[in-house]
Amino acid sequence: MENEFLKNRFHVTRRHFLGKMSLGLGSVALGSLLIPDLLKSGEDGVPQLTGLPHFAPKAKRVIYLFQNGAPSQLESFDYKPLLNKMTGEELPASIRMGQRLTGMTSGQAKFPLVGSHFSFKQYGQSGAWVSELFPHTAKIVDEICFIKTMHTEAINHDPALTFMQSGAQQGNRPSMGSWVSYGLGSENKNLPAFCVLLSRGRGNGQGVYSKLWSNGFLDSVHQGVQFSSSEERVLYLQDPAGRDREGTRKMLDHLAQLNAINYKEFGDPEIETKVQQYEMAYRMQTAVPELSDLTHEPDNIIKMYGADCLSPGTYASNCLLARKLSESGVRFVQLYHQGWDQHDNMVGDMPLQAQDVDRATAALIMDLKQRGLLEETLVIWGGEFGRTNYCQGNLRKNNYGRDHHPRNYTIWMAGGGVRPGIVYGQTDDFGYNIVKDPVHVNDFHATILHLLGLNHEQLTFKHLGRRYRLTDVAGKVVHDLLA
Amino acid sequence: MNTINRVVFNVIFCIQILLVFLVFVEERIQLPAWLQVVGRLHPLVLHLPIGFLIFLAIVAILQRQFIGDSARHILHIGLLVTSLSASVAALFGFFLSLQDDYGRDALMLHKMSGVVVSWFCYALLLWHHNQGKMKLFYGFGALTLVTLIVAGHTGAVLTHGQNFVLAPMFSPPVLTVDNASVYEFAVQPILDRKCFSCHNETRAKGGLVMSSVDKFKEGGKHGKAWVEGKPEESRMIKAFYLPLSHDEHMPPDGKPQLTPVEVSTIEAWIKSGADFEKKLNQFADGDSLKFIVAAFVASRADAEAPIVEKQYNFNPASFDVVAELNTPFRSVFPLYQNSPAIQADFFLKDNFQAKSLEELKSVANQLVVLNLSKMPVTDKDLEVISSFRNVEILNLNFTRVQGSGLSHLARLENLQSLSLAGTSVKSNDLEAILKLPKLREIFIWNSQVTDEQRDALAKKYPEVEIIGNLFSDSKVLTLGKPRLENDGVIRKGELITLKHSMPGVTIRISKDSSDPDSVSSEVYKEPFAINESTVLKARACKDGWYCSDILEVTCFVEGIAPAQVELLSPADPQYPGKGAPGLTDLQKGFADIFKEPSWLGYRSQPFSAAFDFETRMSLKEIVISYGKNIGGFIFPPDEVEIWAGDDKKNLKLVKKVKSKLPTGYTPNGVEALPIALDANTSYQYYRIVAKPVAKLPEWHDKKGEKGWFFVDEIFFY
């Protein structure tokens, strides 16, 4: 029986067949008009966009000095004398307004306010308040734009870090540097577009995870390249004993041929990435030694950054290396300095942390400015959330700790088209809530992309059926921060 | 058919006469309401004669394709209908023109041409009907079509305003907050978008023309549109706030409405006096107009207006030329998408050649940013650069420019920013450049220009920011500690190597546990050997810096290896290490990580191990390497006993040592407990017993608890 049906289906006249086919073709043509992606081979976009900014960028490169662990804004840049007056008194419910607590303080019966142990003074044209722990930063306040009203939803380190780096509290998304690498590529083809440098402070440290500079669903070419903290910043850079550059080049060429054959057969985009990474590594063999040789820096540069800057693995040496990388065209350099999580022992730990970073950070700004690079390099300093105005644990006479506080924190930006010498946003006298001009993490990202000449709503990547972007579904450029 | 023909003919004739009559008496006409309605059907009806006329034109052209006489019949009926609808359209248009206030001139032209079209159509009809000369007929038809186009265009001008069709091609001049008055910048764009289409010179509803400043001030049929300083009494504002369904609500229902921001902008403008000239910075700081315009600018920037781009007056370079210029050592790219301006960056100085720069001549006109930082560019090359007339930003940091070639750069009229940091330019070389009209900043850090010279230049050229050395801190800093290169146990023949990252540093060492100082201590010149485990102290010194902190490290040297090792007491099950072999395998443990195979941990019982050398071995010293982590209760061993003998089962106690326990919290570390043996200690078997601290001392947080003893290696010398 089925056979008859089949045979019947086969008895199609020419006229019938041509008629049906034209209908079919026509529908497909119509479909391709209506759905532009209909006839694409199925790959989700090219791994690298055409690398052009949407409009004229102010900043060409970014150096992000990420203070891991959340530095206390109340001991650094947000002066709240009311807390000193009210030390020991309970945090009023009208101020707290039901803010959720972390697991670490949820068991606390009392939330005594505590003022900063360190004194503050005003500096510069904007009259920005800076604590005594950051004397060098205080000197360059006229280059800096403080944002006192950053806020986030995350209350613990992992989600907050992920949020700050990738625009969402859940992982698996590309980090900021990867988006920038995807959108703009590397200025210098001999170095990666996104570099990561780590250092550890003496305070209470929290972990730093490599997912924070991962490429998420973007092509793995855009991954952050972590430099090592030892003297050899990039390991195995030299050709192995018994082989010279010629030999390496020949080897790479043959390898590329083999990989091409493999790619034809399987079409795995990771093969292409691998080939590109080999090429990049080959070029880095020439480019990196120039950079990591710190011994030829002039004396006054070393003095400016401090003696630490020649010891690999310190924050100061990372700042110096960051300047060198940025000068050589690396698009996004990210530093992580751990140790700011002062749940306890604020008085002991915070000065040590500040000592590690203050001099070198100010030196970095001055170094860039002297070379005429500050205008096109955006420098950002900040953590993942703020700290509470009440004490965690025992409020002792000479020591205290602070818990995590997502409702407001301070970061600062300099160079790269940011308005210098201003203080943006206002928090209330308790240092707990935002009064004016809140800047959400998504807004922060949108503004950074804007400075780089990218429209944050147009830098997208299609993944799992929808278009993702760094600012996800939110984010507004804060125009008041732009020069 | 004939009757209908005759009726229609006559109707058309009547309408024509009526039209002529109306032309003469239009001033005296007062239209009743229902005729006004009829008049508003004009935009509907006028489409009919247009369509028919064009259709008939096609029929006339394709006459031969029709069978027999049918073309004539079609033309006849077509002309009838065309003429009738044209006349009716003209009539309705007439009624409409009496209602609204249209600009006199534009309306006149449209009216006349419309009426003429209707006449011509009637004439065509008659001609065709009476079978007149066909050639003339067609000529006349063409003339009708032309008149139709005129009528249509003028009618469109009445409705949409001038330049409606081509408007998207021409972008209006860019207004900024600085170069335009607040009215031009903030208020006029709103009115342009939402009001001008009905309130302009050619079509002024309510008699109000808003597109001309003077006429706007005059007002309309009902008087002035606003009262200066009093938005609440202004007619225009009142119209905004009327309910949407109200007749007088502006903009009318169905047209794009004003947003709240736009309404408050206009209100604020009226409140501050409805001035057409004042610029934003002329308003007082507290003026609400300023805030609103600022918000308006921000919301506009976000929502509608494009980013204001700098306009360049040169053509973009071809895509292929730019692509060809890109090599791994030279990046050439537009500043942003579709920008004609180009940037060129150079990398890896070993690959730079003079021709790398010359090849850029193919984009000489488009180059706006040039980055030659660290390249071996000489003064001669500056001549090539001077041909890139549109360069605005030039980076010559750390090049070999010495200054003589800077005069070439004086030809760069558009130069805004020049970086010469790290070059050997001198002060007088800069004079030529500082005169450039557009130059706003120059960077001369680390060049031959002294601070005084820089100040003098800054005074002479106040418009240019001259940035030299920004850092001047004569504070003396402390050096970092030197570093021990050796890892783990020092093998026989291995030399101790110390290093410091800063060049020109002297390292002072001491091998006898005294602190080295910068004057009298031994100087480290080259790697040296040591024979036994030593505590090495080192410190770095350099002129102009304070000496570094002391580096204190215990160097463990490989000793004599016993043939066999046996563990007589088991380690704590949590920290078994590698058992007996781990004690002499020369693998050192780390101070911070104790749960690791190198370490054996003991708490509840003493450590006890036996060592067999197979022959009599004369030993001078035994060194026990132990871990110290006060916070983790890991202490040096309280008491150590050395048993020795030639008979495994019969050993004598040869040495007993009680160690000095720490008196406070000290940093973690791996330390050596050296036990000197008496002169003639020479046996085959040795046994070491080490007791962990039984009770943590008073000063410890957890005093009284049992301590730990961790051992990773035992050395015999």
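This is a predicted model, so every value here is computed, not measured.

Caption draft 1: Representation of the overall build of chain A in the model. Per the secondary structure count, chain A includes 13 helices and 17 strands. The 483 residues of chain A split such that 56% are buried. In chain A, of all internal contacts separated by at least 6 residues, the share reaching a separation of at least 24 is 80%. When the accessible area of chain A is evaluated, it comes to approximately 20600 Å², of which 54% is carbon and sulfur surface.

Caption draft 2: Region of the structure containing the pattern of salt bridges. Using the criterion set out here, one finds 46 salt bridges over all chains in the structure. Among the ionic pairs, D356(A) bridges to R202(A), the shortest N-O distance being 3.0 Å. Here D356(A) is found in helix 12 (residues 346-370), whereas its partner R202(A) is found in the loop between strand 5 (194-200) and strand 6 (225-226), with 154 residues between them in sequence. For D356(A), a relative accessible area of 18% translates into the label buried. The network of salt bridges with shared partners includes E297(A), R323(A), K324(A), E327(A), D367(A), R371(A) and K374(B).

Caption draft 3: The packing of helix 1 (residues 2-25) of chain B against helix 5 (residues 70-97) of chain B, seen in detail. Residues and elements named next belong to chain B. For the pair helix 1 and helix 5, the least separation of the axes is 10 Å and the interaxial angle reads 30 degrees. Relative to helix 5, the element helix 1 lies roughly parallel. Seen along the crossing, helix 1 lies across helix 5 with a hand that is left-handed. When helix 1 is examined against helix 5, the residues N5, V8, F9, V11, I12, I15, Q16, L18, L19, L22 and V23 are found in contact with a partner set consisting of H76, L80, S83, L84, S87, V88, A90, L91, F94 and F95. Here the contact of helix 1 with helix 5 is built from residues that sort into 16 nonpolar, five polar and no charged.

Caption draft 4: The arrangement of a nonpolar patch on the surface in detail. All names here are of chain A. A surface patch of nonpolar side chains, amounting to about 480 Å² of accessible area, comprises V12, F17, L18, M21 and L25. Within the secondary structure, M21 is located in helix 2 (residues 14-34). Since its relative accessible area comes to 39%, M21 is described here as partly exposed.

Caption draft 5: Broad picture of the interface of chain A and chain B. Taken residue by residue, the interface counts 42 residues in chain A and 49 residues in chain B. In this assembly, chain A packs against chain B so that about 4100 Å² is buried in total across both faces, 55% of it on carbon and sulfur atoms. When the buried area of chain A at its contact with chain B is split by residue, K303(A), Q370(A) and R371(A) rank highest and sum to 15% of it. Among the ionic pairs, R440(B) bridges to E375(A), the shortest N-O distance being 3.5 Å. In this assembly, chain A and chain B are joined by seven residue pairs in polar contact (both at pLDDT 80 or more). If you tally residues by element for the side of chain A that touches chain B, the top one is helix 10 (residues 299-305) of chain A, at six residues. Here the residues of the side of chain A that touches chain B are counted per class, giving 14 nonpolar, 14 polar and 14 charged.

Caption draft 6: Spatial organisation of unusual backbone geometry. Each neighbour pair has its own omega, and for M250(B) with P251(B) the value is -15 degrees, a cis peptide bond. With respect to the element layout, P251(B) can be found in the loop between helix 10 (235-241) and helix 11 (260-271). Non-glycine residue Y236(A) carries a positive phi angle of around 55 degrees. Among the secondary structure elements, Y236(A) is positioned in the loop between strand 6 and helix 8 (245-266).

Caption draft 7: Molecular detail of the side chain of Q366(B). Counting through the fold element by element, Q366(B) comes out in the loop between helix 14 (354-358) and strand 3 (367-371). Setting aside its immediate chain neighbours within four residues, Q366(B) contacts F314(B), N315(B), P316(B), A317(B), P340(B), A341(B) and I342(B).

Caption draft 8: Just the state of the cysteines, in detail. Residues and elements named next belong to chain B. In this structure the tally under the stated criterion is one disulfide over all chains. Covalent S-S linkage joins C541 and C547, the inter-sulfur distance amounting to 2.3 Å. Linking C541 and C547, the disulfide has an S-S dihedral of approximately 120 degrees and is accordingly described as right-handed. Relative accessible area serves as the criterion here: at 8%, C541 is assigned to the buried category.

Caption draft 9: Just the packing of aromatic side chains, in detail. With the rule as written, the count across this model stands at 48 aromatic pairs over all chains. Taking 5.5 Å as the distance between ring centres and 50 degrees as the angle between the ring planes, the aromatic pair formed by W213(A) and Y336(A) counts as tilted. Here W213(A), found in the loop between strand 5 and strand 6, pairs with Y336(A), found in strand 7 (residues 332-338); they are 123 residues apart in sequence, far enough to count as distant. Take W213(A) and Y336(A): they sit in the same class, and that class is buried. Ring centres 6.2 Å apart and planes at 75 degrees place the aromatic pair W599(B) and F710(B) in the edge-to-face group. On the criterion of sequence distance, the pair formed by W599(B) in the loop between strand 14 (564-567) and strand 15 (600-602) and F710(B) in strand 22 (residues 709-716) is long-range, its members being 111 residues apart. Both residues of the pair, W599(B) and F710(B), belong to the buried class. In this structure, K511(B) is placed above the aromatic ring of F528(B), and the distance from its NZ or CZ to the ring centre is 4.3 Å.

Caption draft 10: Representation of the packing of helix 8 of chain A against helix 9 (residues 269-292) of chain A in the model. Residues and elements named next belong to chain A. Their axes nearest at 9 Å, the elements helix 8 and helix 9 cross at an angle of 170 degrees. On the basis of their axis angle, the class for helix 8 and helix 9 is roughly antiparallel. Across the interface between the two elements, R245, T248, R249, L252, L255, A256, N259, N262 and Y263 of helix 8 pack against P269, I271, E272, V275, Y278, E279, Y282, Q285 and T286 of helix 9. Along the lines of polarity and charge, the residues of the contact of helix 8 with helix 9 split into nine nonpolar, five polar and four charged.

Each value, and the rule that gives it
Residues numbered from 1 in each chain as written. Chains lettered and ligands numbered in written order. Predicted model: local features only at pLDDT ≥ 70, side-chain atom pairs only at ≥ 80, totals over all residues. Heavy atoms only, no water. Helix = DSSP H or I, 4+ residues; strand = E, 2+ residues; numbered from the N terminus. Buried < 20%, exposed > 50% of the residue type's maximum accessible area, 1.4 Å probe, protein only. Contact = heavy atoms within 4.5 Å. Areas by Shrake-Rupley, 256 points an atom, 1.4 Å probe, with all protein chains shown as cover. Salt bridge = Lys/Arg side-chain N within 4 Å of Asp/Glu carboxyl O. Axes fitted to C-alpha atoms, helices over the stretch in contact; angles between N-to-C directions. Parallel < 35°, antiparallel > 145°, perpendicular 65-115°, else oblique. Left-handed = near helix turned anticlockwise from the far one by under 90°. Nonpolar A, V, L, I, M, F, W, Y, C, P; charged D, E, K, R; others polar. Patch = residues over 30% accessible without salt bridge, like charges linked within 9 Å, V, L, I, M, F, W, Y side chains within 5 Å. Buried area = accessible area lost by both parts, 1.4 Å probe. Polar contact = N/O pair within 3.5 Å; in protein donor to acceptor, adjacent residues only side chain to side chain. Disulfide = S-S within 2.5 Å. Phe/Tyr/Trp six-rings, centres within 6.5 Å; stacked < 30°, edge-to-face > 60°. Lys NZ or Arg CZ within 6 Å of the ring centre and 35° of its normal.

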